[in-house]
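# Understanding the architecture of this molecule
Here is how the chains run, residue by residue.
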Amino acid sequence: MADGISDASGGKFPAADANSELNPGENKDFKVDSLSSEIATSREIKERAEAQEKKEKKNTMQTLRTTILVSAAAVAVAVAAAAFAITKKLKEK
């Protein structure tokens, strides 16, 4: 049984490399789980896209808000000018 340990169903667990398990700093043979790597990469891409979309939406809302405020200020100036002109005309009569 040097190559593995039997489980209850008679199958064998793979043998472990004790040296690499006990000295992880010396182990240079890294095995990358491709599925986990792809999931992490796709998640990062999705998060970046969502952040960019949120930033664009915020910029659009800021532009709209600025436009509305400038329009409201222009209307207020126009109303004040009209009131001033009406008052001036009424004083002349």
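A quick note: this is a predicted structure, and the numbers were derived from the prediction, not measured.

Parameters at a glance
- Residues numbered from 1 in each chain as written.
- Predicted model: local features only at pLDDT ≥ 70, side-chain atom pairs only at ≥ 80, totals over all residues.
- Heavy atoms only, no water.
- Helix = DSSP H or I, 4+ residues; strand = E, 2+ residues; numbered from the N terminus.
- Buried < 20%, exposed > 50% of the residue type's maximum accessible area, 1.4 Å probe, protein only.
- Areas by Shrake-Rupley, 256 points an atom, 1.4 Å probe, with all protein chains shown as cover.
- Patch = residues over 30% accessible without salt bridge, like charges linked within 9 Å, V, L, I, M, F, W, Y side chains within 5 Å.
- Salt bridge = Lys/Arg side-chain N within 4 Å of Asp/Glu carboxyl O.
- Lys, Arg positive; Asp, Glu negative; His and termini not counted.
- Charge placed at Lys NZ, Arg CZ, Asp CG, Glu CD.

## Some points on the overall build of the protein
Of the regular secondary structure elements, the protein holds two helices and zero strands. Counting the 93 residues in the protein, one finds 2% classified as buried. Summing over all exposed atoms, the protein offers an accessible surface of approximately 8,800 Å²; the carbon and sulfur share of this is 61%.

## Topic: a negative patch on the surface
The grouping of Glu44, Glu47, Glu50, Glu53 and Glu56 at the surface amounts to a negative patch. With respect to the helices and strands, the residue Glu44 is situated in helix H2 (residues 34-92). Given a relative accessible area of 43%, Glu44 falls into the partly exposed group.

## Examining a nonpolar patch on the surface
On the surface, a cluster of nonpolar side chains totalling about 290 Å² of accessible area is made up of Met61, Leu64 and Ile68. Relative to the elements of secondary structure, Ile68 occurs in helix H2.

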